Amino acid sequence: MSNNAIHHALRVDYEKCRGCCNCMSVCPTDAIRIRNGKPLIFQHRCIDCGKCYRACPESAIRVEQDDFNEIFKYTRRVALLPSILKGQFPETIPKQRIYSELLEMGFTDVFEVGMMWRVFHLATARYIKNNQDKKPFISSFCPAVLRLIQTRFPSLLDHVIPMRAPVDIAALFYRRQLLAQGVPDDEIGTFYVTPCAAKVSAVKTPNPHERTILNGVINMDYIYNRVWKRIRGEEKDMPPEPLAETLCEKGVLWFLTAGESEYARGRSLAIDGIANVIEFLENMENEEISDIDFLELRSCDQSCAGGVLTSCNRFLTVERLRNRAERSRKATCLKDPDRWDDIDDDTEYLVDHIMLGKINPKPALTLDEDMGRAMVKMEKLQKILAILPGVDCGLCGSPNCQALAEDVVNGDASLRQCIFLQKKRVAGDKTKITEAGKILDAVWGKNIFDGRAIDLEE
Amino acid sequence: MKFEFDIADGDFAKAGTSSSQVKHILKQLNVDTKIIKKTTVAIYEAEVNVVAHAVGGGKLLADINLERIVVEVADLGPGIADIPQAMVEGFSTASPEVISMGFGAGMGLPNMRKNADKLEIISGVDEGTRVVITNYI
């Protein structure tokens, strides 16, 4: 497949997988096929939304992560945390306790990514002001949404604000702080505790034009399990001095739905859930939507609180974080976020250094890069679609009839994989029943009955 | 290569279905994104006009080759009495009901012209309307 440049974090554990095809059915980008009884992920179509990970009843899909011991390659080991991590724990657990457990695990520094919300906000506001012709603006906050637009809605890329992801900004900021203290660059390791599979992929996709600022990612469920085990195990006195800077309410809420849109100027919308986002982008491409200034689009239901690597119920996480934010609001009253006259040098530096160049499209729907060849394939595709039953049963190993037709013209499947056509051919003596069985085996594997004797008369 | 889609009348929620289908085909054919965009917008406007004005729905015919995309949207609706007047921004004959749904701002035909390399409108009172949008690749 083309577009190997994208690294994907979702992996199939073939031992655990029993070949049920739930993953194929839920994939919003039709990226999964069944071959030999196991899922095959078409890398150029996958956006790492993690729907398949959630749907798998056998937990056979996992998210690749760095070995935790990687952190010990560095003398300064920085854990970058989204507020979502705090939301995994009951409100009775002080954040200091969570931080202290992370330090005991081996990190030397903990830093809340939410601290960067104002940098992000100011840079967004400035970009919008200087690029009014690109309205409506789409935030680049969610890496899965960014991939979705690159692969399926390339004509909308112009509307995306080309800004670094929040965690990359946090990594840049913290690294700068440590460099200023005289810590050598190669001794600094920055690690994101990620609630999301797409972020893992984004970090692992190499960018030849850029020096690494984020060194690795640790899956949130791994951290949660380790920390929660210790917190449940023992009471502990906390040191009086804070272990990390206190996050303001907006930094806490940033990772939740409306975390950005609420502070955007003009008319803004916050949309979460990948199906909702796809539907909206379809309408937007037709220009059915007008007069919107800013769009916050997040792949997961309840935004990052619904990230696939979270452990706690997403609605509970939202409620806990709202309560924590309310406490922060009462503790410190926030200044006007749009003021430019009170920002410090760091903020100013970051606002100037977090814009990316052009974001490239990675179109995944094209039948062929050459339009002439694509036309030939399209004609064939239309003929195939006309004979397929249109029931979208998935028994051919492709998620629906349209996908099977595309797979056939791309040489990724055979038309005879369609169960209905196969039956017709067998009935017309064009295909032997044994041959039909072999085709079925190639899709679903030989062992689907595990050698069990089947007697339908019984 | 030719494609044909039906457009139902009266259902604004469905307006955009045919344009989305054409859009999907153009993406599969690897047509330049800017051309896809303007073609989709032009077709969508034509589709909305059918939904808003025509009785009995309409048909969308797309003919695509390596040089150009020709989309014909035809209906048997009331027709347009004065085409030059209909091309003026803001001119609308939409019913108050249609306007209350956020359509009928009188931008349909002007927007179509803006997004088409060539636009032909053949219409007469009670003769229906045929809009032919051509975009060169």
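Model, not experiment: these values are computed from the prediction.

Below, the discussion takes up the overall build of chain B. Counting secondary structure elements, chain B contains 5 helices and 5 strands. In chain B, the succession of helices and strands from N to C terminus is β-α-α-β-β-α-α-α-β-β. Its C-alpha atoms give chain B a radius of gyration of 14 Å, near enough to 14 Å, the size a compact globule of 137 residues would have. When its C-alpha atoms are laid out on the principal axes, chain B stretches across 40 × 25 × 25 Å. Burial statistics for chain B: of 137 residues in total, 51% are counted as buried.

So, on to the domain arrangement of chain A. Taken as a whole, chain A is organised into domain 1 (1–62), domain 2 (68–353) and domain 3 (368–458). Using C-alpha coordinates to define each centre, domain 2 of chain A is positioned 44 Å away from domain 3 of chain A.

Take the interface of chain B and chain A next. The partner chain A presents 26 residues to the 24 residues of chain B that form the contact. Here chain B meets chain A over a buried area of about 2,200 Å², counting both sides, of which 60% is carbon and sulfur. On the chain B side of the interface with chain A, the three residues burying the most area are Lys-27, Gln-28 and Lys-37 of chain B, jointly 30% of the side's total. For the pair chain B and chain A, the interface holds 3 salt bridges. Between Lys-23 of chain B and Glu-285 of chain A there is a salt bridge whose closest N-O contact spans 2.9 Å.

All names here are of chain A. Two elements in contact, helix α7 (residues 166–180) and helix α13 (residues 345–353), have axes separated by 11 Å at closest approach and are oriented at 135 degrees. One finds that α7 runs oblique with respect to α13. Of the two possible hands of crossing, α7 and α13 adopt the one that is right-handed. Of the residues in α13, those touching α7 at Ile-169, Leu-172, Phe-173, Arg-176 and Gln-177 are Asp-346, Tyr-349, Leu-350 and His-353. Of the residues assigned to the contact of α7 with α13, the class counts are 5 nonpolar, 2 polar and 2 charged.

Right, let's get into the sheet that holds strand β3 (residues 68–75) of chain B. Residue and element names in this part refer to chain B. Pairing within the open sheet is antiparallel, and its 5 strands lie in the order β1-β2-β3-β5-β4. Of all strands in the sheet, those bounded by a partner on one side alone are β1 (2–7) and β4 (118–123). In this sheet, adjacent strand axes meet at a mean angle of 15 degrees when their direction is disregarded. Pairing between strand β2 (residues 58–64) and β3: 7 bridges, direction antiparallel. Within β3, the position partnered with Leu-60 by the bridge is Val-73.

Right, let's get into unusual backbone geometry. At the junction of Lys-135 of chain A and Pro-136 of chain A, the peptide bond is cis and its omega measures out at -5 degrees in the coordinates. Mapped onto the fold, Pro-136 of chain A is located in the loop between α5 (117–130) and β7 (137–138). Despite not being glycine, Asp-392 of chain A has its phi angle at roughly 50 degrees, a positive value. Within the element layout of this structure, Asp-392 of chain A appears in the loop between α14 (371–387) and α15 (401–409). Of note in this structure, Asn-30 of chain B is not a glycine but carries a positive phi near 60 degrees.

To continue, consider the environment of Cys-304 of chain A. Residues and elements named next belong to chain A. Considering the arrangement of structural elements, one finds Cys-304 in the loop between β11 (294–298) and α12 (314–331). Residue Cys-304 is classed as buried on the basis of its relative accessible area of 16%. The spacing of Cys-304 and Asn-36 is 268 residues in sequence and 35 Å in space, taken between C-alpha atoms. The residues touching Cys-304, leaving out its near neighbours within four places in the chain, are Ile-84, Phe-141, Pro-195, Phe-255 and Thr-310.

Moving on to helix α9 (residues 220–233) of chain A. Residue and element names in this part refer to chain A. Helix length check: α9 (14 residues) gives 20 Å between terminal C-alpha atoms against 20 Å at 1.5 Å per residue, within 8%. Of the positions making up α9, those classed as buried are Met-220, Ile-223, Tyr-224, Val-227 and Ile-231. All buried residues of α9 lie within an arc of 95 degrees about the axis, which places them on one face of the element. Those residues of α9 that are exposed and aimed more than 90 degrees away from the buried face are Lys-229, Arg-232 and Gly-233. Buried positions along α9 lie against α3 (84–87), α4 (95–105), β8 (188–194) and β9 (216–219).

Attention now moves to the pattern of salt bridges. All names here are of chain A. Per the stated rule, a full pass over the model turns up 35 salt bridges over all chains. With a closest N to O distance of 3.9 Å, Glu-91 and Arg-327 form a salt bridge. With Glu-91 in the loop between α3 and α4 and Arg-327 in helix α12, this pair connects stretches of sequence that are 236 residues apart. The residue Arg-230 makes a salt bridge to Glu-101 at a minimum N-O spacing of 2.5 Å. Separated by 129 residues along the polypeptide, Arg-230 in helix α9 and Glu-101 in helix α4 bring together distant segments of the chain. Residue classification places Arg-230 among the partly exposed positions, given a relative accessible area of 30%. When its relative accessible area of 0% is taken as the criterion, Glu-101 is described as buried. Because the salt bridges share partners, they merge into one network encompassing Arg-97, Glu-101, Glu-104 and Arg-230.

About the thresholds
- Residues numbered from 1 in each chain as written.
- Chains lettered and ligands numbered in written order.
- Predicted model: local features only at pLDDT ≥ 70, side-chain atom pairs only at ≥ 80, totals over all residues.
- Heavy atoms only, no water.
- Helix = DSSP H or I, 4+ residues; strand = E, 2+ residues; numbered from the N terminus.
- Rg over C-alpha atoms; globule rule 2.2 N^0.38 Å.
- Buried < 20%, exposed > 50% of the residue type's maximum accessible area, 1.4 Å probe, protein only.
- Domains from an automatic or database assignment.
- Contact = heavy atoms within 4.5 Å.
- Buried area = accessible area lost by both parts, 1.4 Å probe.
- Salt bridge = Lys/Arg side-chain N within 4 Å of Asp/Glu carboxyl O.
- Axes fitted to C-alpha atoms, helices over the stretch in contact; angles between N-to-C directions.
- Parallel < 35°, antiparallel > 145°, perpendicular 65-115°, else oblique.
- Left-handed = near helix turned anticlockwise from the far one by under 90°.
- Nonpolar A, V, L, I, M, F, W, Y, C, P; charged D, E, K, R; others polar.
- Pairing = 2+ DSSP bridges.
- Expected span 1.5 Å × (residues − 1).
- Arc of directions from axis to C-beta.

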